[in-house]
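Topology and contacts: notes
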Amino acid sequence: MNAVDFQHVTFRYEHASRDALHDLTLAIPEGAFVGLTGSGGTGKSTLLYAIAGAVPHYLRGDFYGACRVFGHDTVDTPPVELARTVGLVMQDTESQFVAVEVEDELRFGLDNFGVPAEEYEPRLYFALEACGIVPLRNRILRELSGGQKRKVAIASILALRPKLLLLDEPTGELDPPSKRQVFETLKALNGQGYTIVVAEKNTKLLTEYCEKIIRLEDGHCAQEN
C-alpha cells in the first residue's frame, strides 16, 4: 500500500496570484524515506500540509484533485483523525511547544488524544529512547540546544505512534553535527518501519539518507530519483 497518493492535486491559497501546488501527481510507498527539495516557494511546505490535512481544512484556498493517506481522502477525513496516523513537525519547532519541561511536552499530545493512563509510560519511554533523549526527560525546554529541541519535537509526535512522519526543514539553523544527528534519528526511525517525508534544502543530507528524492518546481514534480 502507498502511504500517500496525490492525483492531479492543485491548490491555491486564498488571495494568492498563483498555485502553490499545480497538477501534482506522486506516490510515496509505505515504509519509504523520501526527501523533498526545491527552492523557496516551490510548494514543499504546502505539500506536507496537504498530506496532514491542514490543506484545505485549516489553510483555506481552492483545492482540486485527490490526496489519499493510507487510503483515506484528506478532504473527507477530519485532520484530527488524520493526526492519529500522520505526525507533522513544523519548521518553527519552538512554535509547537506548549509546555515548560520535556516530559510535559510529550504528555500534552497524549492528553489531547485521550490515551489511557496505563499507556503513558511505555509511549513516553519509547519516544524518548527512539530519539536518543531519555536523559533530557526532566529538562527545561528553553535550556536545550537547537538540535535537542528538534528531537523533542519529533519525540512528541512519536509518542502518538503515527505511521507517517512529516518534517518541514528540520535542520534549519542547526550546526553541521546537529543536522546529522537529526537525520541519523530519522534513519533509525525509518528502520523501525516509519514512513518519513522530509522537506530539506540540504541536498547532500537528502542524497546520503533518503532512498527517494523529489524536486518540486512551481508546485509540481520536476524530478524524482
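These remarks concern the structure in this document. Just so you know, these numbers come straight off a predicted model, no measurement behind them.

Next up on the list: the sheet that holds strand β4 (residues 61–69). With respect to topology, 4 strands assemble into an open sheet ordered β2-β1-β4-β5, the strand pairing being antiparallel. Each edge of the open sheet is held by one strand with a lone partner, namely β2 (21–29) and β5 (72–73). Sheet analysis places β4 next to β5, joined by 2 bridges and oriented antiparallel. If you follow Arg68 over to β5, its bridge partner there is Asp73. Contacts from helix α1 (residues 44–52) reach β1 (2–13), β2 and β4 within the one sheet, and its direction differs from that of β1 by about 120°.

Along the polypeptide, Gln223 turns up in strand β10 (residues 220–224). Spatially, the C-alpha atom of Gln223 lies 9.8 Å from that of Thr37, the residues being 186 residues apart in sequence. When sequence neighbours within four positions are dropped, the list of residues in contact with Gln223 reads Ile213, Ile214 and Arg215.

Our focus in this paragraph is the pairing of strand β9 (residues 212–217). With 4 bridges connecting them, strand β3 (residues 33–37) and β9 associate as parallel partners. Considered in β9, the bridge of Leu36 is made with Ile214. From the end of β9 to the start of β10, which pair antiparallel, there are 2 residues, and Asp218 there has a positive phi angle of about 55°.

Along the chain, Lys179 falls in helix α7 (residues 176–191). The side chain of Lys179 is buried and forms no salt bridge, while Glu200, the nearest opposite charge, is found at 5.3 Å. Ignoring sequence-local partners within four residues, the contact set of Lys179 consists of Thr171, Leu174, Asn202 and Leu205.

Our focus in this paragraph is the packing of aromatic side chains. All chains considered together, the criterion is met by 4 aromatic pairs. Between Phe11 and Phe63, the aromatic rings sit 6.4 Å apart at their centres with planes inclined by 55°, giving tilted as the arrangement. Of this pair, Phe11 sits in strand β1 while Phe63 is found in strand β4, placing the two residues 52 residues apart along the sequence. This pair shows no difference in class: Phe11 is buried, exactly as Phe63 is. Seen from their ring centres, Phe33 and Phe183 are 6.4 Å apart, and the 15° between their planes marks the pair as stacked. Here Phe33 is found in strand β3, whereas its partner Phe183 is found in helix α7, with 150 residues between them in sequence. Of the two residues, Phe33 and Phe183, neither departs from the other in class, the shared state being buried. What links up through ring pairs into an aromatic cluster is the set Phe11, Tyr13 and Phe63. The ring of Phe70 carries the charged tip of Lys163 above its face, separated from the ring centre by 4.0 Å.

Within α1, 8 of the 9 residues are buried, which leaves it mostly tucked inside the rest of the structure. For α1, the complete set of buried residues consists of Lys44, Thr46, Leu47, Leu48, Tyr49, Ala50, Ile51 and Ala52.

Let us now look at the nonpolar core. If you look at the biggest cluster of nonpolar residues, it comprises 40 residues, and the most contacted ones within it are Ile154, Leu158 and Leu165. It is helix α6 (residues 146–158) that contributes the most residues to this core, 6 residues altogether. Contact partners of Ile154, with chain neighbours within four places excluded, come to Val89, Cys131, Leu165, Leu167, Val182, Leu186 and Leu189. By size, the runner-up hydrophobic cluster in this structure holds 34 residues, among which are Leu24, Leu36, Ala50 and Val55.

Turning to α7, a few remarks are in order. Between its first and last C-alpha, α7 extends 23 Å over 16 residues, near the 22 Å set by a 1.5 Å rise per residue. When α7 is considered as a whole, its buried residues turn out to be Ser178, Lys179, Val182, Phe183, Thr185, Leu186, Leu189 and Asn190. Buried positions in α7, seen along its axis, are confined to an arc of 150° and lie on one side of it. Among the exposed residues of α7, those pointing more than 90 degrees away from its buried face are Pro176, Pro177 and Gly191. The secondary structure elements touched by the buried residues of α7 are β3, α5 (120–130), α6, β7 (164–168), β8 (195–199) and α8 (203–209). For α7, the N-terminal cap is Asp175; the gap from its side-chain oxygen to the backbone nitrogen of Ser178 is 2.8 Å.

Criteria and thresholds
Residues numbered from 1 in each chain as written. Predicted model: local features only at pLDDT ≥ 70, side-chain atom pairs only at ≥ 80, totals over all residues. Heavy atoms only, no water. Pairing = 2+ DSSP bridges. Helix = DSSP H or I, 4+ residues; strand = E, 2+ residues; numbered from the N terminus. Contact = heavy atoms within 4.5 Å. Axes fitted to C-alpha atoms, helices over the stretch in contact; angles between N-to-C directions. Buried < 20%, exposed > 50% of the residue type's maximum accessible area, 1.4 Å probe, protein only. Lys, Arg positive; Asp, Glu negative; His and termini not counted. Salt bridge = Lys/Arg side-chain N within 4 Å of Asp/Glu carboxyl O. Phe/Tyr/Trp six-rings, centres within 6.5 Å; stacked < 30°, edge-to-face > 60°. Lys NZ or Arg CZ within 6 Å of the ring centre and 35° of its normal. Core = buried A, V, L, I, M, F, W, Y, C linked by side-chain atoms within 4.5 Å. Expected span 1.5 Å × (residues − 1). Arc of directions from axis to C-beta. Polar contact = N/O pair within 3.5 Å; in protein donor to acceptor, adjacent residues only side chain to side chain.

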